[in-house]
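Spelled out, the chains give:
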Amino acid sequence: MHKPFTMRRSAAALAAAGVALSLTACGGMGEATEPAAVNENCETVDDVTVVLQWVTQAQFAGYYAAVDNGTYADYCLDVTIQEGGTNVVPQQVLASGNAQFAVSHVVKSMASRQEGADIVNIGQVFERGAYLQVSWADSGIDELSDLAGTTMGSWGGGNELTLFSALRASGVDPATDITVVQQPFDMSMLLNREADSVQAKTYNEFAQLLETVNPDTGELYTPEDFSVLDLQELGFGTLEDGIYARGEWLDEGDNADIASRFLAATYEGWASCRDDADACVDLVVSKGSALGRSHQAWMMNEVNKLIWPSTNGIGTLEAGAWDATIESAIEGEVLTSAPDDGAYRTDLNDAALALLEERGIDPLGADWAPATVELTEGGK
């Protein structure tokens, strides 16, 4: 059992990290996703909302685990999880003040910040990137420059920004050199050969291909059936799922304290999914995910790869990775210039890591190793 959280211990840890505290802070929106457990050590409970990038799935298992395990309640928080979707842009929901926290990518978020959104990266959950561009093995597409003259599927909605940056840096103009078509959020366009390549994430759409039966063999497709361009491995990795808050909100009252507690509790949720992935898979399936259990098990394993092992503690934003992401976005003409110094802050994450230390939570996962996941037809 972890040590029970108390506001007294929170104050000591946060003060050590240079974050001011108030015991009377309250705020937030809406009702909790589930009734929060009562923590008698809390002098007050703060209501907050976090908006995700997509619907319920293992990509967000840490947030659901922190609710289900009572971890947010331990940190005197009552958290509403708002699902994302095709019509939900997390950074816009955040910028409009309709949530206190949002999960988003750096390139998307900084494009919004460049347009005037007061959003700040406060914790970088995914240390590694997961963008793929996938084609058939017989396509002749072996590098980014081979995409010139082809028909390429892209999701849009900001998901194209990293890909377009990589293409432009490789001498390919997506506006003139490629026919870009709207890609649905599945792999049908590639499977039906309606596009030469499509976007995918390691943890989701690539698995959808491997869950599909090859009509020529009667067996599931294998990785060898596809040509995979991994943007991370090709040097175009960009920071993906991070946690954002509004700069103005963080400067108000005791909201910096709320933010650090939210980060710490969320990281405990992710640590629980590292240490008991099966339990987190069961959890997201029970929450009504449209994707089956073997697919969720694959996703949980691949998402854990993006977080663990953590080089300097979960959530730590490395300046070099940030600079590389921004440079790629500028070279790819997604950003016109680097964001100002207020685009991210690390003090809140430092405070969150101090809280984890107090509660005996391992923030590094140095001994974590990926599992071998067997996919089944349709990801069931």
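Residues numbered from 1 in each chain as written. Predicted model: local features only at pLDDT ≥ 70, side-chain atom pairs only at ≥ 80, totals over all residues. Heavy atoms only, no water.

Engineer: In this structure, what is going on with the state of the cysteines? I would like to understand it.
Structural biologist: Note on terminology: a disulfide is the covalent bond linking the sulfur atoms of two cysteines. Taken as a whole and assessed by the stated rule, the structure comprises two disulfides. The disulfide that involves C42 links it to C76, with 2.1 Å between the sulfurs. Between C42 and C76, the S-S torsion sits near -90 degrees, and that sign places the bridge as left-handed. Note that C42 is positioned in the loop between α1 (7-16) and β1 (46-51) and C76 in the loop between α3 (71-74) and β2 (77-82), a separation of 34 residues in sequence. This pair shows no difference in class: C42 is buried, exactly as C76 is. Through a disulfide, C273 is tied to C280; the S-S separation comes to 2.1 Å. With the S-S dihedral at roughly -85 degrees, the linkage between C273 and C280 falls on the left-handed side. (Disulfide = S-S within 2.5 Å. Helix = DSSP H or I, 4+ residues; strand = E, 2+ residues; numbered from the N terminus. Buried < 20%, exposed > 50% of the residue type's maximum accessible area, 1.4 Å probe, protein only.)

Engineer: Would you take a moment to explain the pattern of salt bridges for this structure?
Structural biologist: Two side chains of opposite charge can pair, provided their charged atoms sit close to one another. What the rule picks out here adds up to 14 salt bridges. We note a salt bridge from D74 to R359, for which the minimum N-O separation is 3.3 Å. Of this pair, D74 sits in helix α3 while R359 is found in the segment after α15 (347-358), placing the two residues 285 residues apart along the sequence. Its relative accessible area of 26% is what places D74 among the partly exposed residues. For R359, a relative accessible area of 6% translates into the label buried. When the shortest N-O distance is used, the salt bridge between D340 and R113 registers 2.9 Å. Taken together, the positions of D340 in the loop between α14 (319-331) and α15 and R113 in helix α5 (residues 106-114) put the pair 227 residues apart, joining distant regions of the chain. Given the relative accessible area of 45%, D340 is considered partly exposed. Given the relative accessible area of 16%, R113 is considered buried. (Salt bridge = Lys/Arg side-chain N within 4 Å of Asp/Glu carboxyl O.)

Engineer: Explain empty space enclosed by the protein to me, please; I cannot follow it from the model alone.
Structural biologist: If you roll a probe as big as a water molecule over the atoms, it shows you where there is empty space left. This structure, assessed with the given rule, holds one cavity of 30 Å³ or more. In terms of lining, the largest cavity is formed by N121, I122, G123, Q124, G315, T316, L317, R345, T346, N349 and D350. Broken down by secondary-structure element, the contributors of at least two residues to the lining of the largest cavity are β4 (119-123) and α15. Looking at the lining of the largest cavity, the element that brings in the most residues is β4, giving three residues. In the lining of the largest cavity, the residues fall into two nonpolar, seven polar and two charged. (1 Å grid on protein atoms, 1.4 Å probe; cavity = no way out; pocket = protein on both sides within 12 Å on 5 of 7 lines; lining within 4 Å. Points joined across faces, edges and corners; volume = space filled by probe spheres on them. Nonpolar A, V, L, I, M, F, W, Y, C, P; charged D, E, K, R; others polar.)

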